[in-house]
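Overview (structure and organization)
These are the residues of each chain, in order.
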Amino acid sequence: MTLTLDAILRSTGIDPADAQAIRHAFVREHEDTGLPGIHADSTDDEILAYTSQQSAKPRIFPVDPPRLWVVFIREGGDRARLWSVLENRGEVSNDGALRTFDLVASEHLADLRNRLVIGWRSPRTWRLNGLTAAQYPVMEIADAKPVPFPGFDQLVLDHGQLQAVMREHRYTSWRTALSSVMGVYLITDTRDGRQYVGKADGVESIRQRWSAYAMNGHGGNVELRNVDPTGFRFSILRVFDPATPTRVIDEAESHFKFALDSRKHGLNRN
């Protein structure tokens, strides 16, 4: 049984009837508008701007385009690699020849950007309605390009990023690094600035501790149970070798709670 784009779209909550697929090719200028095209070194902002401008001719582009645009880049022959899924927030200008749309990147299929390749059966067609594109076959889902670990001192993650680090293959080296140390960490609620100082000690590495936060947002801490984790920012205050005595880590945790005043003005209860 052939895997099609339909299954991929529906797995991330996209109804193909509420989408269209666009396949860009590297060209010197846009064939419909005469505007500059895109090339292999075009930035994401340039591709977004290029996509946002469409012909005002109804036979070229739909009068009422759907909410989600699944954008691919042509990759030789009949292959098309996913660039991004964009949310159409409406037309912002129309001079009779060119229409400009307010497009923003959606998190739909974010983990498959530059990885998902489909077979594009209509080589001369650059736009398809979602129901037609959904029947196109998936040719490849490439391994994600590894993301280099930035170092413990440079590590700052929001809750969504933390979930990705704990789940995605491209962050394998991050999980390895976080598994190798214990330590004291900081959670900041970016909405009001309140802070929580926590620790990973004994048989628990920072990776194990942070995996719990990625899963449920509070990691079992009473202080955090009633706080929405989407506003959390995670960072590391100090790392320790796994052989470090628990009392040393306890002392460091107490020091940072005092220094940051996280008991009186933060989220720590003790």
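The coordinates are above.
Notes on the structure follow. (Residues numbered from 1 in each chain as written. Predicted model: local features only at pLDDT ≥ 70, side-chain atom pairs only at ≥ 80, totals over all residues. Heavy atoms only, no water.)

A closer look at the sheet that holds strand 10 (residues 182–189)
- As summarised here, the arrangement of the four strands in space is 9-12-10-11, forming an open sheet in which the pairing is antiparallel. Each edge of the open sheet is held by one strand with a lone partner, namely strand 9 (156–158) and strand 11 (195–200). The mean inter-strand angle of the sheet, taken between neighbouring strand axes irrespective of direction, is 25 degrees.
- Pairing geometry for strand 9 and strand 12 (residues 232–240), over three bridges, is antiparallel. When the bridges of strand 12 are listed, V156 appears paired with S235.
- Contacts from helix 7 (residues 246–259) reach strand 10, strand 11 and strand 12, with the element oriented near 175 degrees to strand 11. (Pairing = 2+ DSSP bridges. Helix = DSSP H or I, 4+ residues; strand = E, 2+ residues; numbered from the N terminus. Axes fitted to C-alpha atoms, helices over the stretch in contact; angles between N-to-C directions. Contact = heavy atoms within 4.5 Å.)

Things to note about the environment of P16
- Here P16 shows up in the loop between helix 1 (5–11) and strand 1 (19–24).
- Sequence separation between P16 and L5 is 11 residues; the distance between their C-alpha atoms is 9.3 Å.

Thoughts on the pattern of salt bridges
- Counted according to the given criterion, the structure contains 14 salt bridges.
- Note that D201 and K199 form a salt bridge whose closest N and O atoms lie 3.2 Å from each other.
- The exposure class of D201 is buried, given its relative accessible area of 15%.
- Of the residues examined, K199 reaches a relative accessible area of 24% and is grouped as partly exposed.
- Several salt bridges share partner residues, and in doing so they unite K199, D201, D250, E253 and K257 into one network. (Salt bridge = Lys/Arg side-chain N within 4 Å of Asp/Glu carboxyl O. Buried < 20%, exposed > 50% of the residue type's maximum accessible area, 1.4 Å probe, protein only.)

Observations concerning the layout of surface pockets
- In this model, the largest pocket occupies a volume close to 580 Å³.
- Of all the secondary-structure elements, those providing two or more residues to the lining of the largest pocket are helix 2 (44–52) and strand 4 (79–94). (1 Å grid on protein atoms, 1.4 Å probe; cavity = no way out; pocket = protein on both sides within 12 Å on 5 of 7 lines; lining within 4 Å. Points joined across faces, edges and corners; volume = space filled by probe spheres on them.)

Digging into the side chain of Q195
- Relative to the assigned elements, Q195 resides in strand 11.
- With sequence-adjacent residues up to four places away left out, Q195 is seen in contact with L186, I187, T188, L260, S262, G266, L267 and N268.

Focus: helix 7
- Across its 14 residues, helix 7 extends 20 Å between first and last C-alpha, which sits within 8% of the 20 Å expected from 1.5 Å per residue.
- I249, A252, E253, F256 and K257 are the residues of helix 7 that are buried. Down the axis of helix 7, the buried side of the element spans an arc of 135 degrees, and every buried residue falls inside it. Exposed side of helix 7, more than 90 degrees from the buried face: R247, E251 and F258 are the residues found there.
- Looking one or two places after helix 7, you find D261, whose phi comes out positive at around 55 degrees. (Expected span 1.5 Å × (residues − 1). Arc of directions from axis to C-beta.)

Observations regarding the nonpolar core
- Ranked by internal contacts, the top residues of the largest apolar core, which has 24 residues, are L162, I187, W210 and Y213.
- Of all elements in the fold, only helix 4 (159–167), helix 5 (172–179), strand 10, strand 11, helix 6 (206–216) and strand 12 reach the threshold of two or more residues within this core.
- In this structure, I8, F72, L112 and L116 belong to the second largest nonpolar core, which totals 22 residues. (Core = buried A, V, L, I, M, F, W, Y, C linked by side-chain atoms within 4.5 Å.)

All quantities given are derived from atomic positions and should not be read as evidence of function.
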